[in-house]
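Examining the three-dimensional arrangement
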Amino acid sequence: MYKLTTHSRIAEIPAQTWNALADPDTPFLRHEFLRAMEDHGCVGEQLGWIPTHLALRDADDEVLAVAPCYLKLNSYGEFVFDWSWADAYRRSGRDYYPKLVIASPYTPATGTRILTGSGDREGAHARALIQGSVKVAERLEVSSLHWLFTTEHETQQLESQGLMRRLGCQFHWRNHDYDSFDAFLNALTAAKRKMIKRERRRVSDSGLRIRRIRGDAVSEAEWAIFHRLYCDTFDKRGGLATLSLDFFQRIAETMGEHLLLVLAYDAGKVVAGAFNLLGSSSLYGRHWGCFRDYHSLHFEVCYYQGLEHCVEHHLQRFEPGAQGEHKVSRGFLPTRTWSAHWVADPNFGAAIRRFLATETEGMEGYIADMTDHSPYRSSDDPASRHGSPRAARDALQ
């Protein structure tokens, strides 16, 4: 009834077909975004991300579902850390790489990975795509298959097909129908409200000017200077800046309405910036850079400007990126993230399943501890509305 094809270039699947199946709230999985990475050297064998996209087809060759898939030669840019698994594999005398990863490269953002569109056969198509992905992994003789930053519903679907669920945690913000930034502040405790006002005042008193610009209104010069900021951040941290200037300029042309750039100016010159992606109901903070240190500027450019944008445009969710416990005091609450894993070797798979059981228990404890540090007043705390501590934690999914 179905057949699964693999594609070394996303261009082999028509953009209209791919985007019709994708979730409008996940701009980082649009055809234009993934193709720009391929066309401008951001993925490929040299970086360990080899496109191997999946397409589920019917007997008439119509594409019913797709998934962004890569043959991985390392674990860089995934943000679901399996370095210890790779090391254990190596110590046992086997090769962990290559493996298969279904993800948006360098993008630790939750969103639909099983792209089926909508329809009464959606569940059947999802099951066929999951089963097909395992068969591709077996055919390629890779060590493992990893679906990263899946939604809760997808994770359940993957688990029902035998994959192992893994729990993570990020810090996300939810919009509870705030009609202004001040309304959001009023939901916080007095101490946190004063802290945020003080940080914003320090930025404004320093004479810095902040602009929010949609991607299709950003000039070539502004993209060039933002790319310098982006690269500077990786240089300072000893990382690899994989996204090229051509990539940013291409997506500004092809999907600019899904991009939001926040720039900070000192005496008319750009000194800091943050790159965000805009979904239909969510904002995703991705990259930041600053040429010199300014008190509280990171919070203003990366968090408060994004929060204001969400309130003004009625976006329901803000994911400011991976990690960062300092986000809690600024209104971002601990939120479960998910991934699902298949391992070819049954003995190694059993060992990972035992590890995940212990890790999940520890992660649940961490989420509970961080929930206890909520900055919201009791009456306004999104978690407190759900009664018991466990129900409160479940509400943060």
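Summarised in this report is the structure supplied together with it. Computed from a predicted structure; not experimentally measured.

1. Thoughts on the environment of G239
Secondary-structure assignment places G239 in the loop between α8 (220–237) and α9 (245–255). Its relative accessible area of 37% is what places G239 among the partly exposed residues. Through-space distance from the C-alpha of G239 to that of Y76 is 10.0 Å; in sequence the pair is 163 residues apart. With sequence-adjacent residues up to four places away left out, G239 is seen in contact with Y76 and F234.

2. Considerations on empty space enclosed by the protein
Tallied over the entire structure, the rule returns 1 cavity of 30 Å³ or more. Every element with two or more residues in the lining of the largest cavity is listed here: α2 (31–39) and β12 (282–290). Grouping the amino acids of the lining of the largest cavity by side-chain chemistry returns 7 nonpolar, 2 polar and 1 charged.

3. Points about the pairing of strand β6 (residues 99–102)
By the alternation rule, side chains of β6 split into K99 and V101 and L100 and I102, which are all buried. Summarising the sheet, strand β5 (residues 69–72) and β6 pair through 4 bridges and their orientation is antiparallel. Directly across from Y70, in β6, lies its bridge partner V101. Bridge count for β6 against strand β7 (residues 144–150) is 3 bridges, and the pairing is parallel. When the sheet's bridge partners are listed, L100 is paired in β7 with L145.

4. Quick word on the sheet that holds strand β3 (residues 53–57)
Taken together, the 3 strands give an open sheet; going across it, the order is β1-β3-β4, and neighbouring strands pair in antiparallel fashion. The strands lining the two open edges of the sheet, one partner per strand, are β1 (3–7) and β4 (63–67). Within this sheet the neighbouring strands show an average axis-to-axis angle of 25°, counted without direction. Here 4 bridges tie β3 to β4, and the two strands are oriented antiparallel to one another. What sits directly across from L56, in β4, is A65.

5. Let's talk about the sheet that holds strand β13 (residues 317–319)
Hydrogen bonds between backbone atoms are what pair the strands of a sheet, whose relative direction is either parallel or antiparallel. Strand order in the open sheet made by the 11 strands is β2-β5-β6-β7-β14-β8-β13-β12-β11-β10-β9, with mixed pairing throughout. Looking at the sheet topology across the chains shown, the edges are occupied by β2 (49–51) and β9 (209–214). For this sheet, the mean inter-axis angle between neighbouring strands, taken without regard to orientation, is 30°. As judged from the 3 bridges shared by β12 and β13, these two strands associate in the parallel manner. In the strand pairing of β13, S282 is matched with R317. Running over the sheet, helix α10 (residues 297–313) touches β8 (164–174), β9, β10 (259–266), β11 (269–278), β12 and β13 and is turned about 50° from β9.

Calculation notes
- Residues numbered from 1 in each chain as written.
- Predicted model: local features only at pLDDT ≥ 70, side-chain atom pairs only at ≥ 80, totals over all residues.
- Heavy atoms only, no water.
- Helix = DSSP H or I, 4+ residues; strand = E, 2+ residues; numbered from the N terminus.
- Buried < 20%, exposed > 50% of the residue type's maximum accessible area, 1.4 Å probe, protein only.
- Contact = heavy atoms within 4.5 Å.
- 1 Å grid on protein atoms, 1.4 Å probe; cavity = no way out; pocket = protein on both sides within 12 Å on 5 of 7 lines; lining within 4 Å.
- Points joined across faces, edges and corners; volume = space filled by probe spheres on them.
- Nonpolar A, V, L, I, M, F, W, Y, C, P; charged D, E, K, R; others polar.
- Pairing = 2+ DSSP bridges.
- Axes fitted to C-alpha atoms, helices over the stretch in contact; angles between N-to-C directions.

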